[in-house]
Amino acid sequence: MKAWYFGTLAILLCAGVVRAQDWDAAMAAYEAGDFEAAVREIRPLAEQGDPKAQYNLGLGYAEGQGVPRDYSQAIKWFRLSAEQGEASAQGSLGYMYSSGLGVTQDYSEAAKWYRLAAEQGEASAQRILGYMYANGEGLPQDDAKAVEWYRLAAEQGDAFAQNTLGYMYSFGEGVPEDDAEAVKWYRLAAEKGDASAQSSLGYMYSEGEGVVQDFAEALKWYRRGAEQGEASAQSNLGYMYSVGEGVAQDYAEAFKWYRLAAENGQPFAQANLGYMYFHGQGVPQDYVTAHMWYNLAAADSQDFDLQKSSSEGRATVAAKMTPADISEAQRRARVCMESDFQDCN
């Protein structure tokens with residue numbers, strides 16, 4: 001779930017003018033890094049009932065800018081602003097309830113405030129309301145309703161909503177399955193830099209789903225996602241290099257991307273690393289390390305076929321190892337997993 005972001009005083013100080021001199025003084029103080037002075041300028045306006053000033057004061061308390069962080073005070077000012085219809089305050093109040101900050105966590109109350117903000121066109125609130133319907137969080141689970149709210153946010157350019165809408169069309173959740181429509185939404189999110197959407201768009205090009213199969217395009221989008229650390233994109237990029245799909249076959253490059261994906265917990269990449277170490281592809285042959293990666297893939301995967309093939313790969317390697325080597329490989333697998341795949345040498 002994407003959290004509601006409070007933002008900063010600077011954003012909201014630009015949002016409207018009640019008393020130009022007061023706002024100008026607050027802005028000047030903020031830009032000078034004097035948050036306490038900015039709050040002093042805002043507080044009288046908030047106490048006089050101005051909803052934007054109330055929201056800004058709530059932000060100050062929520063972020064600890066100009067005043068000590070105090071979620072109870074943030075709630076107070078967000079609520080005063082939200083009850084006057086300030087959409088950003090409504091969304092922030094929803095976030096406070098969904099996160100249990102300054103109040104007891106309450107998804108139903110969060111949904112109430114998110115809905116008020118969403119109905120005023122707040123894209124972040126629309127996206128979160130879509131999430132809550134999709135997951136039955138504070139609202140009845142309803143994929144069709146989720147699609148409605150995701151679409152409203154996506155049409156405003158929210159990349160997370162665009163990517164999620166692409167996923168829902170790709171798998172027929174809340175809408176009829178439509179790969180071409182999925183590609184449309186994935187592309188919009190991918191072009192905004194969403195790594196998950198870039199990975200998904202790469203897959204659509206690789207498989208020719210909703211678009212003409214094009215390995216060069218697949219490689220382009222996988223690379224963009226991979227360079228942002230998206231594990232599936234890294235694993236798929238490794239695969240393309242290992243088989244020479246859309247690029248010259250290059251085991252060393254394949255190994256590089258598989259390793260990055262494996263260290264991100266991607267079980268397919270872990271299994272492929274096991275294979276490469278076993279066969280000495282792109283790396284010196286090493287049965288102990290091959291056994292370790294096969295072992296991790298078998299333990300980490302939720303995919304039955306991958307579990308089975310990884311277990312079989314592990315058994316094949318073990319047949320060529322001494323008991324001491326197997327014990328060492330098992331020890332290294334435990335260390336690797338306990339370190340969240342950061343200590344796997």
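Presented here is a report on the structure given in the accompanying data block. (Residues numbered from 1 in each chain as written. Predicted model: local features only at pLDDT ≥ 70, side-chain atom pairs only at ≥ 80, totals over all residues. Heavy atoms only, no water.)

Concerning the layout of surface pockets
Volume-wise, the largest pocket comes out at about 460 Å³. Taken together, 21 residues make up the lining of the largest pocket; nearest its centre are Ser199, Ser200, Tyr203, Ser232 and Asn236. Broken down by element, the lining of the largest pocket gets its largest block of residues, five residues, from helix α12 (residues 195-207). For the lining of the largest pocket, the residue count by class is eight nonpolar, nine polar and four charged. (1 Å grid on protein atoms, 1.4 Å probe; cavity = no way out; pocket = protein on both sides within 12 Å on 5 of 7 lines; lining within 4 Å. Points joined across faces, edges and corners; volume = space filled by probe spheres on them. Helix = DSSP H or I, 4+ residues; strand = E, 2+ residues; numbered from the N terminus. Nonpolar A, V, L, I, M, F, W, Y, C, P; charged D, E, K, R; others polar.)

Considerations on the state of the cysteines
Taken as a whole and assessed by the stated rule, the structure comprises one disulfide. Each sulfur in the disulfide pair cysteine 336 and cysteine 344 lies 1.9 Å from the other. Here the disulfide of cysteine 336 and cysteine 344 is right-handed, its torsion about the S-S bond being about 65°. Using a relative accessible area of 0% as the deciding quantity, one classes cysteine 336 as buried. By relative accessible area, which is 2% here, cysteine 344 ends up buried. (Disulfide = S-S within 2.5 Å. Buried < 20%, exposed > 50% of the residue type's maximum accessible area, 1.4 Å probe, protein only.)

Describing the packing of α12 against helix α13 (residues 215-227)
Look at α12 against α13: their axes get within 7 Å of each other, and the N-to-C directions meet at 160°. With respect to α13, the element α12 is oriented roughly antiparallel. Our pair here, α12 against α13, has a crossing hand that is left-handed. Residues Ala195, Gln198, Ser199, Leu201, Gly202, Tyr203, Tyr205 and Ser206 of α12 touch α13, and the partners they reach there are Phe215, Glu217, Ala218, Trp221, Tyr222, Arg224 and Gly225. (Axes fitted to C-alpha atoms, helices over the stretch in contact; angles between N-to-C directions. Parallel < 35°, antiparallel > 145°, perpendicular 65-115°, else oblique. Left-handed = near helix turned anticlockwise from the far one by under 90°. Contact = heavy atoms within 4.5 Å.)

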